[in-house]
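Listed below, chain by chain, are the residues.
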Amino acid sequence: MKITRAKSIAAAASILALAGLAPQNGAAQDNAQLEALDEQLPGDLVNDPSRIDWQSYGADLDASSVVDASIPGGGAARRFEIKRAAEFIYTAGTNVPLTKSVNRGDTVTVGFYARTLEADTDDGKGVLRVRFQRNVEPYPGFGEETLSIGRDWEWYEVSAPAEQRLRSTDGIVAVQFGRTRQTIEIGQAIVVTGAQSIAGTGPVTVAAASFDIPELEMPSSLEGTGTLINNPSQSFWKFGGSVGSYETREEREIWMMQATRFAIAQEGTQLTDLAATVPINQAITEGDDLVIAIAARTVSASTEDGRAVAASRIQGTLPPFESFAANRFSVGPDWQLIKIATKAPRNYSPGGAELELYFGGTQQEIDLGPVYVFKVDPEQ
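This is a predicted model, so every value here is computed, not measured.

A. Representation of the side chain of Gln364 in the model. Here Gln364 is to be found in strand β23 (residues 364-375). Among the polar contacts made by the side chain of Gln364, one reaches the main-chain carbonyl oxygen of Phe359 at a distance of 2.9 Å.

Here you go:
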């Protein structure tokens, strides 16, 4: 087995220059783009590096996407927050799927950028384990290696001879991190066969493409509001809570034609017991004027006026997780835009803040459509 780690980002700075995220429908990157990347890599490419909508699991895990040009490689990463450490590292993780089979005896190598935001370890570094395996019981695999992830973006590689065949239908690179309370970010991954190193052969340059929000639709009433600093699409938001349910559904009556229905079937819950988290991908500066526009409608509600009740706030993603712009509002039976104006109390780095939306507190059903967060231009 061989493990390599670049001493600085510059050692592998050009290894991934693909556009950030997968299409909204989860389809693979265009074959021509993958073939172009394959031509410039050592060995044979056996995954789709443009995809970061990896399957993630763990009872105490929150996973979200971060998009920012400063992220080395492709400008996108997945953030994993493990809220409580478990006895075994495999109790929380994420799976990078293979698109081609790996034959027994082949050398298989995975490379990715990663960094630790916080970790409950003596040295403050995150801990993760990489394993090549089949994603079917009893989950046979090989090449297990545990990595220590530093605070700065660095390039990591794990390489091993394939002790068994991995099929394209269920072969994965398993990245496991459940044994440590930590928040780590993992950038787009490259998996190749036939090479013991990816970045070690020298930088690979691929024409970069800009990140486009898929099928962006802007309500006419929001045009000219300012600079959009989030992705209004729900593809990479987080949904969850301790009560109730949520279901993402096609909704042709609303912009971008997708909505999530939140349902609370009992009274006496807390407002925060069912929630959506909307990442804010661009930096915010102290004093910035912000406008939040939330598309929503009431399906049913046990309130006196039949209007569902929701709440929102912007919260930091790192300790002490301070928040601002807390608001509570009711929603009518027809699609509407709830607009909230606020001012940033301090600086936030790209991905350092997120919008929390809450739907608990009473028996109700409410549909959430696209959400837009704007930074108002100073001259407006």
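After presenting the structure, the write-up continues.
B. Quick look at the layout of surface pockets. Taken as a whole, the largest pocket holds about 940 Å³ of empty space. What lines the largest pocket is a set of 37 residues, among which Leu61, Asp62, Ala63, Lys238 and Phe239 lie closest to the centre. Taken together, the elements giving at least two residues each to the lining of the largest pocket come down to β3 (55-57), β4 (61-67), β5 (76-82), β14 (238-241), β15 (245-250), β17 (274-280), β19 (308-316) and β22 (353-358). Residue classes in the lining of the largest pocket are distributed as 12 nonpolar, 15 polar and 10 charged.

C. Fine view of the sheet that holds strand β6 (residues 93-97). The five strands are arranged β3-β6-β11-β8-β9 in an open sheet whose pairing can be described as antiparallel. Both outer strands of the open sheet, β3 and β9 (141-149), are each paired with one neighbouring strand and no more. Between one strand and the next, the sheet's axes are offset by a mean angle of 20°, whatever the strand orientation. Sheet topology note: the strand β8 (residues 126-134)/β9 ladder contains seven bridges and is antiparallel. Paired with Val130 across the two strands is Glu145, which belongs to β9.

D. Here's a closer look at the pattern of salt bridges. If you walk through the whole model with that rule in mind, you get 17 salt bridges. For Arg297, the salt bridge is made with Asp367, and the minimal N-O distance between the two is 3.0 Å. Of this pair, Arg297 sits in strand β18 (residues 289-301) while Asp367 sits in strand β23, and the two are 70 residues apart along the sequence. What makes Asp367 buried here is its relative accessible area of 0%.

E. Representation of the packing of aromatic side chains. What the rule picks out here adds up to 11 aromatic pairs. Relative to Phe239, the ring of Trp237 has its centre 6.2 Å away and its plane inclined at 50°; by these criteria the two rings are tilted. With a relative accessible area of 19%, Phe239 lands in the buried category. Each residue in the set Trp237, Phe239, Tyr246, Phe262 and Phe359 is aromatic and connected to the rest through ring pairs, giving one cluster. Here the basic side chain of Arg346 rests over the ring of Tyr348, its NZ or CZ set 4.1 Å away from the ring centre.

F. Here's a closer look at the sheet that holds strand β20 (residues 323-331). Read from one edge of the open sheet, five strands run β14-β17-β22-β19-β20, paired in antiparallel fashion. Across the chains shown, the open sheet's two edge strands, defined by having one partner strand only, are β14 and β20. The average angle at which neighbouring strand axes cross in this sheet is 20°, direction not considered. Here β19 pairs with β20 via seven bridges, running antiparallel. Note that in β20 the partner of Val309 across the bridge is Ser330.

G. Molecular detail of the environment of Gly150. Here Gly150 is to be found in the loop between β9 and β10 (154-161). Gly150 sits 34 residues away from Thr116 along the chain, and the two C-alpha atoms are 5.7 Å apart.

H. Representation of the pairing of β23 within the structure. Of all 12 residues in β23, 11 are buried, a share of seventy percent or more. With two bridges joining them, strand β13 (residues 227-228) and β23 adopt antiparallel strand pairing. Its bridge partner being in β23, Leu228 is matched across the sheet by Phe374. Relative to β23, strand β16 (residues 258-264) runs antiparallel, the two sharing five bridges. Considered in β23, the bridge of Arg261 is made with Asp367. Where β18 meets β23, 10 bridges bridge the pair, whose relative direction is antiparallel. Bridging from a neighbouring strand, Ala301 pairs with Gln364 of β23.

I. Highlighting unusual backbone geometry. In the segment running from Glu137 into Pro138, the intervening peptide bond is cis, with an omega of 5°. Mapped onto the secondary structure, Pro138 falls in the loop between β8 and β9. Of note, the phi angle at Ala325 is positive, near 60°, even though the residue is not glycine. Position of Ala325 relative to the elements: it lies in strand β20. The buried category is assigned to Ala325, whose relative accessible area is 15%.

Rules behind the numbers
Residues numbered from 1 in each chain as written. Predicted model: local features only at pLDDT ≥ 70, side-chain atom pairs only at ≥ 80, totals over all residues. Heavy atoms only, no water. Helix = DSSP H or I, 4+ residues; strand = E, 2+ residues; numbered from the N terminus. Polar contact = N/O pair within 3.5 Å; in protein donor to acceptor, adjacent residues only side chain to side chain. 1 Å grid on protein atoms, 1.4 Å probe; cavity = no way out; pocket = protein on both sides within 12 Å on 5 of 7 lines; lining within 4 Å. Points joined across faces, edges and corners; volume = space filled by probe spheres on them. Nonpolar A, V, L, I, M, F, W, Y, C, P; charged D, E, K, R; others polar. Pairing = 2+ DSSP bridges. Axes fitted to C-alpha atoms, helices over the stretch in contact; angles between N-to-C directions. Salt bridge = Lys/Arg side-chain N within 4 Å of Asp/Glu carboxyl O. Buried < 20%, exposed > 50% of the residue type's maximum accessible area, 1.4 Å probe, protein only. Phe/Tyr/Trp six-rings, centres within 6.5 Å; stacked < 30°, edge-to-face > 60°. Lys NZ or Arg CZ within 6 Å of the ring centre and 35° of its normal.

None of the figures reported here should be taken as evidence of function without further support.
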